[in-house]
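Fold and geometry: a report
Residues per chain, in single letters:
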Amino acid sequence: MSAVHAEPVTVKTELPKTRSELGLIRPDRKTGLADWLTTVDHKKIGIMYGAAALFFFLVGGVEALMIRTQLAVSQNDFISAQLYNQMFTMHGTTMIFLGVMPLSAAFFNFIVPLQIGARDVAFPRLNTFSLWTFIAGATVLNISWLFQFAHTVGWFGQDLVRTDIVPAGGWFGYAPLTSDGYTGIGTDFWILGLQILGVASLAAAFNFIVTIINMRAPGMTMMRLPVFTWMTLVTSFLIIFAFPAITIALAELMFDRYFGTNFFRVDMGGQPILWQHLFWFFGHPEVYILVLPAMGIVSEILPTFSRKPLFGYPIVVFSGAVIGFIGFAVWSHHMFTTGLGKIATAAFSLLTMAIAVPTGVKIFNWMGTLWGGRISFTVPMCYGLGFVWMFMLGGFSGVMHSAAPADAQQQDSYFVVAHFHYVLIGGVLLGLLGGLYYWIPKIYGKMMNQKLGYGMFFLILVGFNLAFFPMHYLGLTGMPRRTHTYLVGYGWDLWNLVSTIGAFLLGIGILIVFIDLVVTVLSKKRKCSADPWDARTLEWSLPSPVPSYNFAATPVVSARDCWWEHKHGDEPLEYVPGDSHGIHMPSQSWMPLICGVGFLVFGISMAMMGAGVPHAGYVAIGGLVTVVLGIYLWALEGPGGYHIKPGPENSPKAPTPQPEHAEANV
Amino acid sequence: MLLSRIQQTLFRLFPLLLSLFVTGCSFTGRQSTLDPKGPVAQMQTDLFWITVWVCSGIFIVVGGILVWVVIRFREKPGDADKPYPKHGHGNPLIEIGLIAASVLLLVIIAVPTLKAIWATHELPVDEPYYEPSKLGTWFKGDMAEGEEDNVLVIDAYGWQWWWSFEYPQLGITTANEFVIPKDKVVKVNLRSMDVIHSFWLPKIAGKVDLMPGRKNWMWIMGEEAGHFYGQCAEFCGEAHAYMLFRCDVMEEDDFEKWVADYQAGAVAPSGFHAQADKDKPDPTARDDWMAWSNETRTNPEVFANDPVSQGAMLFMGKGQCIVCHTIDNSIAQGKLGPNLTKVANRKSLAAGILDHQNPDGSINREKQYENFVQWISHSQHVKPGNIMYYDNPAEDNNAGLINLKYAGLTYAKLKSVGVENSAYIASGVDDATLKELEANPESGLTNFLSERQIREVSSGLTDDQFSQISNWLSPEEFAYVAAFLQSLK
């Protein structure tokens, strides 16, 4: 133990309040709402990302259940065709951009700096900017529901006669259906919302790349990084290469709709196929953006509960990177039926098969990790094992699609719906829920209800398979997706009903998990130790909840799984002696929030401009000016900051001799 | 403890689910891809089964090992006292071996995939599927001259939300239901008229998109005579779910008869025949229609008691159907809606939603009549968003029957069916405008009110009342049109 931990008391040294040249003072150490609005702490930002993600999971889930209720029986009229189209459009967009991505981002934010032994991310204010920009984009997208509701109940009076206010062009937004000749302002909300979300994702991705490359603790070489951090890095690179493609596509579509350009207008020589290439050049890497973080989480959970390091660490990391790389070379397998011609079809077919190899490698290595281990079936472990099984099934149907001629029958049928839900729920969501159960004790210092956890895992697994396995059958017997109903006599009634029942079980399971999460967060009883799982990586060396400054002293890493080696091996952690003035903490800032508000104003008023609201264009310009102003003042608001000296109650705990088990903490 | 309870529940549930699955599954449903009736679908299904076998094999091996590992290496009581498991970090030989095995398994899929890609993307030139179509020799009509040995071509056009099928070599246009000869290669050109659609006829062939601005095509062949179901597979807007189509695969003789019948065109109502004269001793169907058309203009009372003729007059006249629809040979030559020549020979209406086929494949005429009436008088309920009754107050290009409904409304006419001033006030009409209306009761409402206000004011009226005061057809008139449409066979 280094001397730092013997510091007797916590000492906070305020630096003199410095006004910047513009006379601005940065806020710090506020409590309450202002603290959350101005925070630059990666942990609080992570928690806000998580809260937003869980909220939007519920929104997307309600949309999913509306869809399933409509399809429960043939020729149902529970919701109208147009409303159904809005439901599946918003369900897809919400789950991908507002559910899974921000929940992954929540883990990136909270866990990655702790795993690499850093004080914070590289650019704390940029991190806040990502959060508020994300909230702005999510609001732009979903406020269309509010407008549609207001219109339906007549708040807009007689003159506004638009009926299609919520996006209804599908999450994939194929031109020319999304051109102004075919869809209304819903598409404008969709374009603007996604564009703003793209800004948030790009800013966050750059932040994490710089953080992981530059902020690692001494001795934390790249090949000692925890796999979750590695997958964060790969995902971040995928984001910065993939999002520009959709940014361009959305900008072109926006120009077509607002300013009369001809990118996608067929009668003017535009090319709708261009949209698909740009969209899927983003859209396929996006699949890996969604799934790689979950793979990273599972690669943390399986070794922890097998009491054994990850089998073939270098090759797991390498295959993650290869998946990311080949992920950019398979986009046209979403377009096998668009008339690519035989050469391109063959090439993309073979490349798609190739991507199965690194994915298979990961599965083999997870099995290798389990092999010879001492597997304890904690709740996170159940989710981890469920992930491996369900993801494998989704992978198999993926291989079936890669055979282009077979895909000609499966494309746009329920077989595809089954496939990607096995990947996205069976894979991603189970992985993320596993991550929740695994890291909530670190985030809040409290343990979620484990008995309930087992039960809900079982319910989710059963509900999920009941909902989505029959869809393989429905697709193979010819049921196309994105149809608001189906006629009697096609033989689809029974399995649609079963699927709907399964979807409700799944929904109930997830809802109860979320409720338990909220109860856990609010509860004062469920306290647990700092390292309840006897885990392997650096974040578990910290007290729970993690103090604002993270590490009282920077650890020196001398091995992979360094916390495990410290506890049970022969590589004890050393710490770098701290500076005499203590730890430098940054001040907070209002500027990222101002930028977010600017984006919000910009997005909504652009959509209003599309609807023909007078002067909305000027308000949109005002929104953009606010964004620029926020960034400008941000640059000029001065350094701020203060010093803090942690006391012994916050220093890293010595390892507990007997690992505590989850059950003991319930 | 908990785990074993979960296991028990699973074991109890599994047979139940399995039996449900077995009894609930038929693989020969209308659009089943697992019941191929043509070489393209056959190739695609064969390939699918190869992928299924390979994947199932892997699943059984990998899944089996995974189950064994999880059971074998689970934490047992007393394990806590033992030393931690050995820390291995991987084994390059195992890794390389597994990668090689995966690649080999993928090759099993890749080779037939490549074969099938080429086969489905090129018109077949080899046995067993290609025999020169012999269009010129087996089809004796004039249209086929010079088309010898060329493959039969069908141009499929996708519209929101229906299909048009043209046979350019035969001069035939049909809609939503088309016919192909059995055992002949047919080339289908796929063209979209608006957004992206996708042509999917599962038992005959997998889908290819209709991409606006691009010239996609596919080849198909039916190897079993029958009635096959397909539908649009690319999301194309509000009524995408209702964009169905059908294909009859016919024996050559039947196909030939169908073509000859179709080319003869529609017969004029009441069996009206033009008089032979010395210029044209053998009048054509077109002459019949022209004669009928003249007669309706000069002598409309002749047709007073004949529903079919009444319907035809409404179709060509007041109902304005001919603006969008074509009936071959007749004066109806609209190009925006489905071609209605022989529409009564089709087994469904409204792109496959309204079905009137008996189980034996014949047409249930009563049901067909009902469907016609329902479709033309309430199309907005049958297929929301369709442009036969395009009711979107946000746009100026409202089309079709909706225009009939509000055309010619005046203050006086509305008053005659009981619309009082209170209805105007409730719709936001101010006093000044109302005074003007009262001053000009015979002037069209569009001069004073917005389209939305007109709709609001008249929203309480029944279809029957509309038919009294506007150009909207009365139920009786709709019935006449239906009777006429039913005569088109």
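What you see is a predicted model; the values in this text were computed from it and never measured.

Turning next to the overall build of chain A. Along the backbone of chain A there are 17 helices and five strands. For 666 residues, the compact-globule estimate of 2.2 N^0.38 gives 26 Å, and chain A sits close to it at 25 Å. Taken along the three principal axes of its C-alpha coordinates, chain A extends 75 × 65 × 50 Å. Counting the 666 residues in chain A, one finds 62% classified as buried. Of the contacts formed within chain A by residues at least 6 apart in sequence, a portion of 82% connects residues at least 24 apart.

Once that is clear, we can look at the overall build of chain B. Each helix and strand counted, chain B has 16 helices and 12 strands in total. Here chain B, with 489 residues, has 41% of them falling under the buried criterion. Contacts in chain B between residues far apart in sequence, at least 24 positions, make up 63% of those at least 6 positions apart.

Our focus in this paragraph is the domain arrangement of chain A. Residues and elements named next belong to chain A. Splitting chain A by domain gives domain 1 (47-223), domain 2 (226-306 + 308-373) and domain 3 (379-532). Relative to domain 2, the C-alpha centre of domain 1 lies at a distance of 19 Å. Tallying the contact residues gives 31 residues for domain 1 and 30 residues for domain 2. Elements with a minimum of two residues in the side of domain 1 that touches domain 2: α3 (81-115) and α5 (185-214). In terms of residue count, α5 provides more of the side of domain 1 that touches domain 2 than any other element does, 12 residues in total. Here the residues of the side of domain 1 that touches domain 2 are counted per class, giving 21 nonpolar, eight polar and two charged.

Okay, the sheet that holds strand β6 (residues 197-201) of chain B next. All names here are of chain B. Pairing is mixed across the open sheet formed by five strands, whose spatial order is β4-β10-β9-β6-β7. Strands with a single pairing partner mark the edges of an open sheet, and in this sheet they are β4 (177-181) and β7 (205-210). Pairwise comparison of adjacent strand axes, ignoring direction, gives a mean angle of 25° for this sheet. In the sheet, β6 pairs with β7 via four bridges, with the strands oriented antiparallel. Residue pairing in the sheet places Leu201 in a bridge with Ala205 of β7. Packed on one face of the sheet, helix α5 (residues 252-264) meets β4 and β10 (244-250) and runs near 135° to β4.

Tallying the contact residues gives 81 residues for chain B and 83 residues for chain A. Where the side of chain B that touches chain A is concerned, the elements lending two or more residues are α1 (2-24), α2 (39-72), α3 (92-121) and β7 of chain B. No other element matches α3(B), which puts 15 residues into the side of chain B that touches chain A. Looking at side-chain class alone, the side of chain B that touches chain A contains 45 nonpolar, 24 polar and 12 charged residues.

All names here are of chain B. With respect to the element layout, Gly311 can be found in helix α7 (residues 307-316). For Gly311, a count of 26 C-beta atoms within 10 Å puts it in the buried group. A sequence separation of 125 residues divides Gly311 from Glu436, and the C-alpha atoms of the two residues are 39 Å apart. Not counting chain neighbours up to four residues away, the residues in contact with Gly311 comprise Tyr480, Val481, Ala482, Ala483 and Phe484.

Another aspect to go through is the packing of α3(A) against α5(A). Residues and elements named next belong to chain A. In the contact formed by α3 and α5, the axes pass within 12 Å of each other and the chain directions differ by 15°. Here α3 lies roughly parallel to α5, going by the angle between them. With respect to the hand of their crossing, α3 and α5 are arranged in left-handed fashion. On α5, the residues touching Gln86, Thr93, Phe97, Met101, Ala105, Phe108, Val112 and Pro113 of α3 are Gly186, Trp190, Leu194, Leu197, Ser201, Ala204, Phe208, Thr211 and Ile212.

To summarise the sheet geometry, strands pair through backbone hydrogen bonds and adopt either a parallel or an antiparallel arrangement. Residues and elements named next belong to chain B. The mixed open sheet is built from five strands, whose spatial order is β3-β2-β1-β5-β8. Edge positions in the sheet fall to β3 (172-175) and β8 (216-220), since each of these pairs with one other strand and no more. The sheet shows a mean angle of 25° between the axes of neighbouring strands, direction not considered. Summarising the sheet, strand β1 (residues 152-159) and strand β5 (residues 186-192) pair through seven bridges and their orientation is parallel.

Take the domain arrangement of chain B next. When the parts of a complex come together, some accessible area is lost, and that lost area is often taken as the interface size. Per the domain assignment, the segments of chain B are domain 1 (28-79 + 89-264), domain 2 (269-382) and domain 3 (408-470). The C-alpha-based centres of domain 2 of chain B and domain 3 of chain B are spaced at 34 Å.

Here we come to the environment of B:Trp53. Mapped onto the secondary structure, B:Trp53 falls in helix α2. Note: C-alpha distance between B:Trp53 and B:Ile109 (56 residues apart in sequence) is 9.9 Å.

Residue and element names in this part refer to chain A. With an omega of 5°, the peptide bond between Ala175 and Pro176 qualifies as cis. In this structure, Pro176 sits in the loop between α4 (124-152) and α5. Here the residue pair Ser544 and Pro545 is connected by a cis peptide bond, since its omega of -10° sits within 30 degrees of zero. Along the chain, Pro545 turns up in the loop between α14 (493-522) and β2 (555-556). The phi angle at Arg307 is positive, at roughly 55°, despite the residue not being glycine.

Where a protein is soluble and globular, its nonpolar side chains tend to be buried together. By size, the foremost hydrophobic cluster in this structure holds 318 residues, and its most contacted members are B:Ile220 and B:Ala351. For this core, the leading source of residues is helix α12 (residues 414-444) of chain A, giving 21 residues. If sequence neighbours within four positions are ignored, B:Ile220 has contacts with B:Gly38, B:Val40, B:Val186, B:Val188, B:Leu201, B:Ile204 and B:Ala205.

Below, the discussion takes up the pairing of β7(B). The element β7(B) is largely enclosed, with a buried count of six among its six residues. Here β6(B) hands over to β7(B) after three residues, the two strands then running antiparallel side by side.

As a further point, take helix α10 (residues 379-402) of chain A. For α10(A), built from 24 residues, the straight-helix expectation of 34 Å at 1.5 Å per residue is met to within 8% by its first-to-last C-alpha distance of 34 Å. Burial of α10(A) is extensive: 23 of the 24 residues sit out of reach of the surface.

The next subject is the packing of α5(A) against helix α6 (residues 227-259) of chain A. In a pair of packed helices, the angle between the axes and the distance between the axes together describe the arrangement. All names here are of chain A. With their axes 8 Å apart at the nearest point, α5 and α6 run at an angle of 150° to one another. Classified by the angle between their axes, α5 and α6 sit roughly antiparallel to one another. Considering how the two elements wind past one another, α5 and α6 form a crossing that is left-handed. Grouping the constituent residues of the contact of α5 with α6 by class yields 17 nonpolar, seven polar and two charged.

All names here are of chain B. Confidence in the prediction for chain B averages 83 pLDDT; 87% of positions are at 70 or higher. The weakest mean pLDDT in chain B belongs to helix α4 (residues 135-138) at 48; the strongest belongs to β6 at 95. Contacts for the low-pLDDT stretch residues 140-144, under 50 throughout, to residues beyond four places or in other chains number 10 contacts. Confidence metrics for the complex model read pTM 0.90 and ipTM 0.89.

This part takes up the environment of B:Ser270. Residue and element names in this part refer to chain B. With respect to the helices and strands, the residue Ser270 is situated in the loop between α5 and α6 (285-298). Among the residues examined, Ser270 registers 15 C-beta atoms within 10 Å and is labelled partly exposed. Along the primary structure Ser270 and Trp292 are separated by 22 residues, whereas in three dimensions their C-alpha atoms are 9.4 Å apart.

What follows deals with the confidence of the model for chain A. For chain A, per-residue confidence averages 89 on the pLDDT scale, and 92% of positions sit at 70 or higher. Counting interchain partners and residues more than four positions distant, the pLDDT-below-50 stretch residues 649-666 of chain A has 31 contacts.

Conventions used here
- Residues numbered from 1 in each chain as written.
- Chains lettered and ligands numbered in written order.
- Predicted model: local features only at pLDDT ≥ 70, side-chain atom pairs only at ≥ 80, totals over all residues.
- Helix = DSSP H or I, 4+ residues; strand = E, 2+ residues; numbered from the N terminus.
- Rg over C-alpha atoms; globule rule 2.2 N^0.38 Å.
- Buried ≥ 20, exposed ≤ 12 C-beta atoms within 10 Å, placed from the backbone.
- Contact = placed C-beta atoms within 7 Å.
- Domains from an automatic or database assignment.
- Nonpolar A, V, L, I, M, F, W, Y, C, P; charged D, E, K, R; others polar.
- Pairing = 2+ DSSP bridges.
- Axes fitted to C-alpha atoms, helices over the stretch in contact; angles between N-to-C directions.
- Parallel < 35°, antiparallel > 145°, perpendicular 65-115°, else oblique.
- Left-handed = near helix turned anticlockwise from the far one by under 90°.
- Core = buried A, V, L, I, M, F, W, Y, C linked by C-beta atoms within 7 Å.
- Expected span 1.5 Å × (residues − 1).
- pLDDT = per-residue confidence, 0-100.

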